Amino acid sequence: NANDDDNDDDDDVVDGGHKTVGFESSNTDEMKVYDFLDEVADEYIVKFLQNGGTKLSFVLLCDEALLAQIGVKPVHRRYILRKIETFDAQQFETMYAAKCKQRQQDADDKEQQRLQLEKEKAEKEKEKQAQQQEEEKQKEQAVAATAAAAAVDYELKQDRSPRSFNEYPSSSHDEEDDDALLDVGHTTKGGDADSGGAAAGGGDVGVGAGDDDD
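Residues numbered from 1 in each chain as written. Predicted model: local features only at pLDDT ≥ 70, side-chain atom pairs only at ≥ 80, totals over all residues. Heavy atoms only, no water.

Caption draft 1: Structural view of the overall build of the protein chain. If you tally the helices and strands in the protein chain, you get nine helices and zero strands. When burial is assessed residue by residue, the protein chain has 17% of its 214 residues classed as buried. In the protein chain, once contacts between residues fewer than 6 apart in sequence are set aside, the share between residues at least 24 apart is 50%. When the accessible area of the protein chain is evaluated, it comes to approximately 16,100 Å², of which 50% is carbon and sulfur surface. (Helix = DSSP H or I, 4+ residues; strand = E, 2+ residues; numbered from the N terminus. Buried < 20%, exposed > 50% of the residue type's maximum accessible area, 1.4 Å probe, protein only. Contact = heavy atoms within 4.5 Å. Areas by Shrake-Rupley, 256 points an atom, 1.4 Å probe, with all protein chains shown as cover.)

Here's what the structure looks like:
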């Protein structure tokens, strides 16, 4: 509105006193004053509103002295006075309606652009999150693969390392078999010796019995 433009007036003024940003207001009367001033509107709209020119009917009453008091430049005063002198209400309303339509179209286009930018931003954010999730998944897979490879390598090293005596059951079985064979051999030899001794003893007994008979 007029007060907001007044507060930002110094920021909007550039070389020659012209404003770089078009005036916008929800007040129909203020917008009609803006459209009436036409080519000099951006430079003087705030000055008119500050000095009571808040309606087109008020502006149409201005003369050169009043325009000078407001601070309008000499050439611009002649331009505004000429528009006041040749003012046609019906023609102005037609022009004003066309400008309102164009402003609405511009606003719709701007809103559409804003929504499109937000949509693109949301899609980019979604793609970014999906990419981050994929990267995390790949990292997890890489860690799992590394752990699996380390486990396999560990097993291979265990298979290649020297084993203790107890880790070879086939060798201990062989030695136990050898010990058993040795025991059998000893038993066999001892039995032969005992048999021989018994035979010899029997001979002696026989001889002794013969002597008793004699």
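Caption draft 2: The environment of Lys99, seen in detail. Looking at the element boundaries, Lys99 is found in helix α8 (residues 89-160). Assessed through its relative accessible area of 27%, Lys99 is described here as partly exposed. For the pair Lys99 and Met31, spaced 68 residues apart in sequence, the C-alpha separation works out to 10.0 Å. When near neighbours in sequence (up to four residues on either side) are disregarded, Lys99 contacts Asp35 and Asp38.

Caption draft 3: Fine view of the side chain of Lys32. Note on placement: Lys32 falls in helix α3 (residues 28-37). Leaving out residues up to four positions away in the same chain, Lys32 has contacts with Phe92, Glu93 and Tyr96.

Caption draft 4: The packing of aromatic side chains, seen in detail. With the rule as written, the count across this model stands at five aromatic pairs. A centroid spacing of 6.0 Å and a plane angle of 70° characterise the contact between Phe36 and Phe87, whose relative ring orientation is edge-to-face. Placement of the pair is Phe36 in helix α3 and Phe87 in the loop between α7 (74-85) and α8, with a sequence separation of 51 residues. Under the relative-accessibility criterion, Phe87 is labelled partly exposed at 28%. Measuring from ring centre to ring centre gives 5.6 Å for Phe87 and Phe92, while their planes differ by 50°; the resulting arrangement is tilted. Residue classification places Phe92 among the buried residues on the basis of a relative accessible area of 6%. Taken together, Phe36, Phe87, Phe92 and Tyr96 form an aromatic cluster joined through their ring pairs. The positively charged end of Lys32 is found above the aromatic ring belonging to Tyr96, 5.4 Å away from the centroid. Between Lys83 and the ring centre of Phe36, over which it is positioned, the NZ or CZ distance is 5.4 Å. (Phe/Tyr/Trp six-rings, centres within 6.5 Å; stacked < 30°, edge-to-face > 60°. Lys NZ or Arg CZ within 6 Å of the ring centre and 35° of its normal.)

Caption draft 5: Representation of the nonpolar core. Core analysis: the biggest nonpolar cluster contains 24 residues, and Phe36, Leu37, Ile45, Phe48, Leu67, Val72 and Ile80 have the highest contact counts within it. Taken together, the elements giving at least two residues each to this core come down to α3, α4 (41-50), α5 (56-59), α6 (64-70), α7 and α8. No other element matches the six residues that α4 contributes to this core. Apart from the residues lying within four places of it in its own chain, the contact partners of Phe36 are Leu56, Val59, Leu60, Lys83, Ile84, Phe87 and Phe92. (Core = buried A, V, L, I, M, F, W, Y, C linked by side-chain atoms within 4.5 Å.)

Caption draft 6: α3, seen in detail. The element α3 is largely enclosed, with a buried count of eight among its ten residues. All buried positions along α3 are accounted for by Glu30, Met31, Lys32, Val33, Tyr34, Asp35, Phe36 and Leu37. Here α3 starts with a cap whose side-chain oxygen sits 2.9 Å from the backbone nitrogen of Asp29, and that cap is Asn27. Taken from the residues just after α3, Asp38 is the one with a positive phi, measuring 55°. (Polar contact = N/O pair within 3.5 Å; in protein donor to acceptor, adjacent residues only side chain to side chain.)

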